[in-house]
Amino acid sequence: MSTPSSSLVIHAGGFVFTGHFETARAPQTVAAFCRQMPYLGQLVHVRWSGEGVWIPLGETDFGVGYENHTSHPAPGHIILYPGGISETEILLAYGGVAFSSKMGQLAGNHFITLTGGLENLATLGNKVLWEGAQSIRFEEG
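An account of the accompanying structure is given in this report. Please read all numbers here as calculations on a predicted model, not as lab measurements.

## So, the pattern of salt bridges
Alright, step 1. Going through the model one piece at a time under the given rule, you end up with 2 salt bridges.
Alright, step 2. Among the ionic pairs, Arg 25 bridges to Glu 22, the shortest N-O distance being 3.3 Å.
Alright, step 3. Exposure remark for Arg 25: the relative accessible area of 54% places this residue in the exposed category.
Alright, step 4. Taking relative accessible area as the criterion, Glu 22 reaches 9% and is therefore assigned buried.
Alright, step 5. The residue Glu 139 makes a salt bridge to Arg 137 at a minimum N-O spacing of 2.6 Å.
Alright, step 6. Since its relative accessible area comes to 30%, Arg 137 is described here as partly exposed.

Structural data, given as C-alpha cells:
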C-alpha cells in the first residue's frame, strides 16, 4: 500500500473496529505503518500503563521519530512508540492510560483513531487481561 486510505478496519479478539489514520498530524508514522499493511500482530495487556493493550515489537525500526506524540492517549487512540529507552510497540488505549514502561514515562505517536466499535473497547481490553493474547489485524477499509 503506497498511499494510506482514509479509513481502515481492525479485527481484534473477535471484534471489528473502524478508524482513520491521523495523516495530517503523524504523516511519517502513518506512511511507515502503511508499508506494513495488512498488519498482523498479537495484543497483550499493558504492564504499567493502565487500561491498554499493546503489540510488543522488540527492536523493530519503523524509521520514524516523534510526531503527534502523547503519554496519555484517549480510549480508541492507537499510538506507536518508535523505540529508544524501551522496546518498540503499538498501544491501543481502551480506558485511562499513562503510557510508561519499567524505564519510566514514554510518549508514542498518535497515528490512528478508532471511530466504530468503540462500545467493544473495554470488553476487548478485559478479554486480553483475563484470557491472554489476542490476534489483531489492520487492513484498508
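## Section: the packing of aromatic side chains
Alright, step 1. With the rule as written, the count across this model stands at 7 aromatic pairs.
Alright, step 2. Feature note: the residues Phe 21, Phe 33, Tyr 39, Phe 111 and Phe 138 constitute an aromatic cluster, connected by ring pairs.

## Concerning the nonpolar core
Alright, step 1. If you look at the biggest cluster of nonpolar residues, it comprises 32 residues, and the most contacted ones within it are Phe 21, Phe 33, Phe 111, Ile 112 and Phe 138.
Alright, step 2. Per-element accounting of this core gives the leading share, 4 residues, to helix α1 (residues 27-34).
Alright, step 3. With near-sequence residues (within four places) excluded, Phe 33 lies in contact with Phe 21, Tyr 39, Phe 62, Ile 90, Phe 111, Ile 112 and Phe 138.
Alright, step 4. Counting residues in hydrophobic clusters, the runner-up holds 9 residues, among them Val 46, Ala 93, Val 97 and Leu 106.

## Overview of α1
Alright, step 1. For α1, the complete set of buried residues consists of Thr 29, Val 30, Ala 32, Phe 33 and Cys 34.
Alright, step 2. Buried residues in α1 make contact with β2 (15-21), β3 (39-45), β6 (77-81), β7 (89-97), β10 (108-116) and β11 (134-140).

## Re the layout of surface pockets
Alright, step 1. Of the voids in this model, the largest pocket is the one considered here, and its volume is about 190 Å³.
Alright, step 2. Across the lining of the largest pocket, the residue classes tally to 5 nonpolar, 4 polar and 4 charged.

## Describing helix α2 (residues 121-131)
Alright, step 1. Buried within α2 are the following residues: Leu 121, Leu 124, Gly 125 and Val 128. All buried residues of α2 fall inside an arc of 100° around its axis, so they share one side. When the buried face of α2 is taken as reference, the exposed residues oriented beyond 90 degrees from it are Trp 130 and Glu 131.

Rules and cut-offs
- Residues numbered from 1 in each chain as written.
- Predicted model: local features only at pLDDT ≥ 70, side-chain atom pairs only at ≥ 80, totals over all residues.
- Heavy atoms only, no water.
- Salt bridge = Lys/Arg side-chain N within 4 Å of Asp/Glu carboxyl O.
- Buried < 20%, exposed > 50% of the residue type's maximum accessible area, 1.4 Å probe, protein only.
- Phe/Tyr/Trp six-rings, centres within 6.5 Å; stacked < 30°, edge-to-face > 60°.
- Core = buried A, V, L, I, M, F, W, Y, C linked by side-chain atoms within 4.5 Å.
- Helix = DSSP H or I, 4+ residues; strand = E, 2+ residues; numbered from the N terminus.
- Contact = heavy atoms within 4.5 Å.
- 1 Å grid on protein atoms, 1.4 Å probe; cavity = no way out; pocket = protein on both sides within 12 Å on 5 of 7 lines; lining within 4 Å.
- Points joined across faces, edges and corners; volume = space filled by probe spheres on them.
- Nonpolar A, V, L, I, M, F, W, Y, C, P; charged D, E, K, R; others polar.
- Arc of directions from axis to C-beta.

Everything listed here is a matter of geometry and, on its own, says nothing about what the molecule does.
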